[in-house]
Amino acid sequence: MKLNKKSQDVGRSVILLMIVMLAVVIVMMIIFWEGKGEMINWIDKIFG
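Residues numbered from 1 in each chain as written. Predicted model: local features only at pLDDT ≥ 70, side-chain atom pairs only at ≥ 80, totals over all residues. Heavy atoms only, no water.

A.B. asks: Tell me about the overall build of the chain, and name the residues and values.
C.D. replies: Within the chain one finds 2 helices and 0 strands. Every one of the 48 residues in the chain was classed for burial, and the buried ones make up 2%. Summed over its atoms, the accessible surface of the chain is roughly 4900 Å², and 75% of this surface lies on carbon and sulfur atoms. The chain carries 6 positive and 4 negative side-chain charges, and their two centres are separated by 20 Å. (Helix = DSSP H or I, 4+ residues; strand = E, 2+ residues; numbered from the N terminus. Buried < 20%, exposed > 50% of the residue type's maximum accessible area, 1.4 Å probe, protein only. Areas by Shrake-Rupley, 256 points an atom, 1.4 Å probe, with all protein chains shown as cover. Lys, Arg positive; Asp, Glu negative; His and termini not counted. Charge placed at Lys NZ, Arg CZ, Asp CG, Glu CD.)

Shown next as structure tokens:
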């Protein structure tokens, strides 16, 4: 019974971690998409 409870806790924490990471990726994509023109100009200044 203890092993089952532990595996449930691990599964729950893994699912929570995946949801948080997915949310972070979505937020980063939105920020990148909104500031795409500025980001490209900034990259051109660095490498150009």
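A.B. asks: So what's going on with the pattern of salt bridges? Residues and values would help.
C.D. replies: The final tally for this structure, using the stated rule, is 1 salt bridge. The residue Arg12 makes a salt bridge to Asp9 at a minimum N-O spacing of 3.5 Å. Within this pair, Arg12 and its partner Asp9 are both found in helix H1 (residues 2-34), separated by 3 residues, close to a single helical turn. You can call Arg12 exposed: its relative accessible area is 54%. Since its relative accessible area comes to 37%, Asp9 is described here as partly exposed. (Salt bridge = Lys/Arg side-chain N within 4 Å of Asp/Glu carboxyl O.)

A.B. asks: Lay out a nonpolar patch on the surface with the relevant residues and their values.
C.D. replies: Taken together, the side chains of Leu16, Val20, Val24 and Met28 present a nonpolar region at the surface, about 390 Å² in accessible area. Within the secondary structure layout, Met28 lies in helix H1. (Patch = residues over 30% accessible without salt bridge, like charges linked within 9 Å, V, L, I, M, F, W, Y side chains within 5 Å.)

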